[in-house]
Amino acid sequence: MTRDEFYADADPDSRGPLAGYRVLEVTQAVAGPVVGTVFADLGADVLRCELPGQGDMTRWMEPFLDHGRDPNAACWHMSVNRGKRAVTLDIRHPEGQAIFRDLARDTDVLVENFTPGSMQQCGLDYPAIRQLNPAIVYVSISGFGQWGPLRGMRGVDTVAQAMSGMMSMNGVAGGEPLISTANLIDHLTGWQGAIGAMAALLHRHRTGEGQYIDVALADTALYASDQRIMAAHNADRQWPRQGNTIDMGAPMNCYRCRDGGYVYLFAILDTLWPRLCAVMGREDLIDDPRCNGMQARARNRQFVDRVTADWIAGLDRDAVVQRLQAAGVSAGPVLDHAEVARFGQFLEHESVVEVDHPRYGTLRTYGVVPKFSRTPARVRGPAPDLGQHNDAVYRDRLGLDPERLAQLRDSGII
């Protein structure tokens, strides 16, 4: 199938499958904003609220597109807030809280990710907003959830990794625990929040009822733990740190190539081992008792790894991948992010996309994962400048006149 064939029935006027929905986002850092990013990518109108003059922390963290200190050009902010609109609003102030309530009256989904109790202190928690908008879908994201003994504990991505068991098994054999970088749990939590909100919207479509959604970083990390909780508690099994290998079989590792690149290879299955032996020219190992079955290769992992590593070390990275894939063996090159940004498959499949910025030109970023044949989703614009849409939103949506806007601006409310 080609891209044109997939999109043959696409609606040329579609803004995405969630066009028409309104999302109000008062969030910081990553997990909360990712909920809004998913909705924006899928066509919803996402309005992001930030503190006047300050904005979110991601605006102030390097690197910057202009190699300077423009808070509107931080790569982190630009990545997780693309396609949204932005206003500044101080919800700590009573006047700011009143404006926020007005925005929430005709909102479909509200997203916040402050420490539990923070929105209640502002009079903006779910019970308060529900009185104004009974159909609201209200999403709260926190470290450990809205109840329980750790409710008030501050939690971030890496703390969730530490407490979920993930960090305990991540690292080289005999080494210290390691985090998984790239804010993995933050993004997974944001996706869980978006899934929960969409499910609640479907329920609302059937019944008219809104509801409250509680999403925790720690819960997300546990949800991604696969079999490990069950196995540890019920089968007395723990996973030691093993680097890039596993103890269930071999070869499965990251191997260095002749040109200095790396290839990751997965061939632990009995169906794959003969194929690998053939492409390596080592058919003698297919029935060798040291490696003629998955359990045998697991017991003799060092031998199997050494044979595989020696063969790969004599070839360049891309040549290794081509030969292995041609033989039906799972393998891929270890790419850095500069390579990812220009990798042919990722560009063709819209995994990496371009977005135009009025000051910084054409930018590349990650694309929208689910592809829709009828209602295509896409990155619909760059991340907004701080308070970029103040006048449009407060004037057109709330009907505030210029004098009122000037008063709010002068008093630091917006």
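Each value, and the rule that gives it
- Residues numbered from 1 in each chain as written.
- Predicted model: local features only at pLDDT ≥ 70, side-chain atom pairs only at ≥ 80, totals over all residues.
- Heavy atoms only, no water.
- Helix = DSSP H or I, 4+ residues; strand = E, 2+ residues; numbered from the N terminus.
- Buried < 20%, exposed > 50% of the residue type's maximum accessible area, 1.4 Å probe, protein only.
- Contact = heavy atoms within 4.5 Å.
- Areas by Shrake-Rupley, 256 points an atom, 1.4 Å probe, with all protein chains shown as cover.
- Lys, Arg positive; Asp, Glu negative; His and termini not counted.
- Charge placed at Lys NZ, Arg CZ, Asp CG, Glu CD.
- Axes fitted to C-alpha atoms, helices over the stretch in contact; angles between N-to-C directions.
- Parallel < 35°, antiparallel > 145°, perpendicular 65-115°, else oblique.
- Left-handed = near helix turned anticlockwise from the far one by under 90°.
- Nonpolar A, V, L, I, M, F, W, Y, C, P; charged D, E, K, R; others polar.
- Phe/Tyr/Trp six-rings, centres within 6.5 Å; stacked < 30°, edge-to-face > 60°.
- Lys NZ or Arg CZ within 6 Å of the ring centre and 35° of its normal.
- Pairing = 2+ DSSP bridges.
- Right-handed = clockwise from strand over helix to strand, strands pointing away.
- Polar contact = N/O pair within 3.5 Å; in protein donor to acceptor, adjacent residues only side chain to side chain.
- Salt bridge = Lys/Arg side-chain N within 4 Å of Asp/Glu carboxyl O.
- Expected span 1.5 Å × (residues − 1).
- Arc of directions from axis to C-beta.

**A closer look at the overall build of the chain**
Looking only at helices and strands, the chain features 18 helices and 11 strands. The buried share of the chain, reckoned over its 414 residues, is 44%. In the chain, the proportion of contacts linking residues at least 24 apart, taken out of those at least 6 apart, comes to 66%. Surface exposure of the chain reaches about 21100 Å², of which carbon and sulfur atoms provide 52%. Here the chain holds 42 positive side-chain charges and 51 negative ones, and the gap between their average locations is 2 Å.

**Remarks on the packing of helix H11 (residues 273–280) against helix H13 (residues 301–312)**
Following both chains from N to C, one finds H11 and H13 inclined at 40°, their axes separated by 11 Å at the closest point. Between H11 and H13, the angle is such that the two are oblique. Note that H11 runs across H13; the crossing there is left-handed. Judged by residue contacts, Trp273, Leu276, Val279 and Met280 of H11 engage Val304, Val307, Thr308 and Trp311 from H13. Looking at the contact of H11 with H13 residue by residue, the class counts come to seven nonpolar, one polar and no charged.

**Thoughts on the packing of aromatic side chains**
Taken as a whole and judged by the stated rule, the model has five aromatic pairs. Residues Phe6 and Tyr7 carry aromatic rings whose centres are separated by 5.0 Å and whose planes lie at 85° to one another, so their mutual orientation is edge-to-face. For Tyr7, a relative accessible area of 19% puts it in the buried group. Here Tyr126 and Tyr212 contribute two aromatic rings whose centre-to-centre distance is 5.0 Å and whose plane-to-plane angle is 10°, an arrangement assigned as stacked. Separated by 86 residues along the polypeptide, Tyr126 in helix H6 (residues 126–132) and Tyr212 in strand S6 (residues 211–216) bring together distant segments of the chain. Since its relative accessible area comes to 9%, Tyr126 is described here as buried. Through a chain of ring-to-ring contacts, the aromatic side chains of Tyr126, Tyr138 and Tyr212 assemble into a single cluster. One residue, Arg237, lies across the ring of Trp239, its end atom 4.8 Å from the ring centre.

**Remarks on the pairing of strand S3 (residues 85–88)**
Bridging between strand S2 (residues 45–50) and S3 involves four bridges; their strand directions are parallel. In the sheet register, Arg48 faces S3, and the bridge partner there is Ala86. Between the parallel elements S2 and S3, the chain passes through helix H3 (residues 75–80) in a crossover that is right-handed.

**Digging into the sheet that holds strand S7 (residues 252–256)**
Ordered in space as S7-S8-S9, the three strands form an open sheet in which the pairing is antiparallel. Edge positions in the sheet fall to S7 and strand S9 (330–333), since each has one partner strand and no second. Neighbour to neighbour, the strand axes of the sheet diverge by 20° on average, direction disregarded. Note that strand S8 (residues 262–266) and S9 share four bridges and pair antiparallel. Bridging from a neighbouring strand, Val263 pairs with Pro333 of S9. Sitting on the sheet, H13 touches S7 and S8, and the angle it makes with S7 is about 35°.

**Notes on the side chain of Gln161**
Tracing the sequence through the fold places Gln161 in helix H7 (residues 157–163). With a relative accessible area of 0%, Gln161 lands in the buried category. Here Asp157 takes part through its side chain, which lies 2.6 Å from a polar atom of the side chain of Gln161. If sequence neighbours within four positions are ignored, Gln161 has contacts with Met166, Met167, Ile179, Ser180 and Ile185.

**A few points about the pattern of salt bridges**
What the rule picks out here adds up to 26 salt bridges. Between Arg297 and Asp270 there is a salt bridge, with the nearest N and O atoms lying 2.8 Å from each other. Remark: Asp270 occurs in the loop between S8 and H11 and Arg297 occurs in helix H12 (residues 294–299); sequence separation between them is 27 residues. Here Arg297 falls in the buried class, since its relative accessible area comes to 1%. Ionic pairing is found between Arg290 and Asp288, a salt bridge with its closest N-O pair at 2.9 Å. For Arg290, a relative accessible area of 37% puts it in the partly exposed group. Classification of Asp288 by relative accessible area gives buried; the value is 14%. Members of the salt-bridge network, linked through shared partners, are Glu25, Arg48, Glu50, Asp56, Arg59 and Lys84.

**What about helix H4 (residues 94–105)?**
Relative to the 16 Å expected for 12 residues at 1.5 Å per residue, H4 spans 17 Å between its end C-alpha atoms, a close match to the ideal helical length. Where H4 is concerned, the buried positions are Gly96, Gln97, Ile99, Phe100, Leu103 and Ala104. In a view along the axis of H4, the buried residues occupy a sector of 160°, so they form one face of it.

**Some words on the pairing of S2**
One face of the sheet, then the other: side chains in a regular strand alternate in exactly this way. Most of S2 is tucked away: five of the six residues are buried. In this sheet, S2 lies alongside strand S1 (residues 22–26) in parallel orientation, the contact comprising four bridges. Note that in S2 the partner of Val23 across the bridge is Val46. Taken together, S1, helix H2 (residues 31–41) and S2 form a β-α-β motif whose crossover is right-handed.

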